[in-house]
Amino acid sequence: MASYVLALDQGTTSSRSIVFSHDGRIVASAQQEFEQILPSPGHVEHDPEMIWESQLTTARQALANASVSASEIAAIGVTNQRETTILWDRDTGQPVANAIVWQSRISAPICERLRSEGHEDLIRSRTGLVVDAYFSGTKIKHLLDTVDGLRARAERGEILFGTVDSFLIWRLTGGSRHVTDYSNASRTMLYNIHTLSWDDELLRVLDIPKAMLPEVLPSSHVVGHTDAALFGESIPVAGNAGDQQAALFGQACFAQGNAKNTYGTGCFMLLNTGTQAVPSQHQLLTTIGWGIDGQVTYCLEGSIFVAGAVVQWLRDGLGVIEHSSDVESLAASVTDNGGVVVVPGFVGLGAPHWDPYARGAIFGITRGTTAGHIARAAVESMAFQSRDLLSAMQADSGIELSELKVDGGASVNNRLMQFQADLLGVTVRRPVVAETTALGAAYLAGLAVGFWENQDDVARNWAEDRRFDSQLESAERERVCRRWQRAVSRSLAWEDAEGAE
């Protein structure tokens, strides 16, 4: 009798695998970082083989750590860094180029052309997305346009496209299944979120052969079975969702009006809008949360490109901390930020600005500024950016949130979570199981095979670790937020301004 579900959580800086029990608790896990390839400013790549090898290694290690065999795993759920684009050979399964990561701005010139040619309204109405290099469509076009001979091969049906979930499932199933789910498809800028189909007109606009694209299936659905050689015997692959949608599901945000914020490499806030795709008037994204039991759930989303990655920058770029976990003590070494504001626009700014030419900046430095002040301001930037998202989200939806569920690596930072509650003026709730991205993938997989009976069964597993109530007076909240807005305004269009001088 299968007693566990295995979640594969393929992230931007690491791959992890987690074995979950029926009560939604972690039995064992394994994690492995992999190289970030930075060919030029604002451009980020990954080696797809490193993605696969790290994910497979952690999956095997997690099973070993749990002393669990493949026969005890009811299903595998996959969740992934979204928008990251991989092209591979249909026959050999080998990637034809490095993956272009969601953070990369390499296709920004293509986006400029799309806007200048008047395609922005079409793309927005069909996909719910803004025209931005963040999404997969322009990354595919960039590869087809720049890799010698690749477009001709794609037109002959020799090349496949997939977001990371598609590539992993292709490998897991021995190349037998080329699929994705509604949530990942909705992030490509090629998928019509209203008709639930690849959009022929958008494919023509971007000159992308339809034969490259995966079959789109529900997020909770047995899509195939693993090659028996990988884990000793075959396991159903039954859950698939982009990481942020999976986190919303893992937080049991099943009702319209529920919201969560994930503090990972980036920061992502999602609001469940139910069966209605709510258009945004404030530069947010309208996206698909998941498809399950014949019904699609829609969301509003705000995306921050650099959140937890700012801590990696403190570690690897500035060298002011040795380990990422050291940031909390360094930030606590000062009583406040000393007037310092860090805007982490390393690869541009996401919602609600969508400026690929913004760049990172530190404001308010004096002779008295220390590494502690910069660290504190860097951490606080996650909360400031999140406040911008919530303000836009409430304006679009007409919903005044009373609470926000949080998860992701930086959510363990109590000072940050208290500061977040202070800035938002709402209660922040952190669950016992912070790995809600992987948990959501596990739930989707388990529901597909009957490991969990229904969503009520799943919701009963959610348990609060800690709540943070706002303690900041509204006048002080507005004062510190005005300082943040001034700093952001000076960071926008930095690259354009520099080129014009």
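Below is a summary of the structure that appears in this document. (Residues numbered from 1 in each chain as written. Predicted model: local features only at pLDDT ≥ 70, side-chain atom pairs only at ≥ 80, totals over all residues. Heavy atoms only, no water.)

1. Observations concerning the packing of helix α10 (residues 243-250) against helix α15 (residues 436-448)
Argument step 1. Direction vectors running N to C along α10 and α15 enclose 75 degrees, while the axes themselves pass 7 Å from each other. As summarised for this structure, α10 and α15 are arranged roughly perpendicular, according to the angle between their axes. In contact with Asp243, Ala246, Ala247, Phe249 and Gly250 of α10, α15 contributes Thr436, Thr437, Leu439, Gly440, Ala441, Tyr443, Leu444 and Leu447.
Argument step 2. Of the residues in the contact of α10 with α15, the class split is 8 nonpolar, 4 polar and 1 charged. (Axes fitted to C-alpha atoms, helices over the stretch in contact; angles between N-to-C directions. Helix = DSSP H or I, 4+ residues; strand = E, 2+ residues; numbered from the N terminus. Parallel < 35°, antiparallel > 145°, perpendicular 65-115°, else oblique. Contact = heavy atoms within 4.5 Å. Nonpolar A, V, L, I, M, F, W, Y, C, P; charged D, E, K, R; others polar.)

2. A short note on the packing of aromatic side chains
Two aromatic rings are characterised by how far apart their centres lie and by the angle between their planes.
Argument step 1. This structure, assessed with the given rule, holds 19 aromatic pairs.
Argument step 2. A centroid spacing of 4.7 Å and a plane angle of 40 degrees characterise the contact between Tyr134 and Phe135, whose relative ring orientation is tilted.
Argument step 3. Connected via pairs of aromatic rings, a cluster forms that spans Trp102, Tyr134, Phe135, Phe268, Phe305 and Trp354.
Argument step 4. Positioned over the ring face of Phe268 is Arg82, at 5.2 Å from the centre of the ring.
Argument step 5. The side chain of Lys405 reaches across the aromatic face of Trp462, ending 4.3 Å from its centre. (Phe/Tyr/Trp six-rings, centres within 6.5 Å; stacked < 30°, edge-to-face > 60°. Lys NZ or Arg CZ within 6 Å of the ring centre and 35° of its normal.)

3. Topic: helix α17 (residues 474-491)
Argument step 1. Taking 1.5 Å as the rise per residue, α17 with 18 residues should run 26 Å; its terminal C-alpha atoms sit 26 Å apart, in good agreement.
Argument step 2. Within α17 the residues assigned to the buried category are Arg477, Val480, Cys481, Trp484, Ala487, Val488 and Ser491. Buried residues of α17 fall within an arc of 110 degrees about the axis and therefore sit on the same side.
Argument step 3. Once α17 ends, the next one or two residues include Ala493, with phi positive near 55 degrees. (Expected span 1.5 Å × (residues − 1). Buried < 20%, exposed > 50% of the residue type's maximum accessible area, 1.4 Å probe, protein only. Arc of directions from axis to C-beta.)

4. Quick notes on the nonpolar core
Argument step 1. Counting residues in hydrophobic clusters, the biggest one holds 129 residues, and the most contacted among them are Leu87 and Met212.
Argument step 2. Among the elements that line this core, the one with the most residues is helix α13 (residues 371-397), at 12 residues.
Argument step 3. In terms of nonpolar packing, the next biggest core, distinct from the first, is built from 35 residues, Phe34, Leu63, Ala66 and Ile73 among them. (Core = buried A, V, L, I, M, F, W, Y, C linked by side-chain atoms within 4.5 Å.)

5. Things to note about the sheet that holds strand β16 (residues 259-263)
Argument step 1. Taken together, 7 strands build an open sheet; the order of strands is β18-β19-β17-β16-β22-β23-β24 and the sheet is mixed. Both edges of this open sheet fall to β18 (285-292) and β24 (464-468), since each of them pairs with a single strand only. Each neighbouring strand pair of the sheet contributes to a mean axis angle of 30 degrees, computed without reference to strand direction.
Argument step 2. Strands β16, β17 (267-274) and β19 (295-304) of the sheet are contacted by α13, whose axis makes an angle of about 135 degrees with β19. (Pairing = 2+ DSSP bridges.)

6. Topic: the sheet that holds strand β6 (residues 73-80)
Argument step 1. Spatial ordering of the open sheet is given by β3-β2-β1-β6-β15-β14, a layout of 6 strands whose pairing is mixed. Pairing within the sheet leaves two strands with one partner each, and these edge strands are β3 (26-33) and β14 (220-225). Each neighbouring strand pair of the sheet contributes to a mean axis angle of 25 degrees, computed without reference to strand direction.
Argument step 2. In this sheet, β3 lies alongside strand β2 (residues 14-20) in antiparallel orientation, the contact comprising 7 bridges. What sits directly across from Phe20, in β3, is Ile26.

7. Side note on the environment of Glu478
Argument step 1. Examined against the element boundaries, Glu478 turns out to sit in helix α17.
Argument step 2. For the pair Glu478 and Leu423, spaced 55 residues apart in sequence, the C-alpha separation works out to 8.5 Å.

8. Some thoughts on unusual backbone geometry
Argument step 1. The linkage connecting Ala351 with the following residue, Pro352, adopts the cis geometry, with an omega of -5 degrees.
Argument step 2. The residue Ala252 is not glycine, and still its phi comes out positive at about 60 degrees.
Argument step 3. One can find Ala252 in the loop between α10 and β16.
Argument step 4. Judged by its relative accessible area of 14%, Ala252 falls in the buried class.

Honestly, that's just the spatial picture; any functional story needs more than this.
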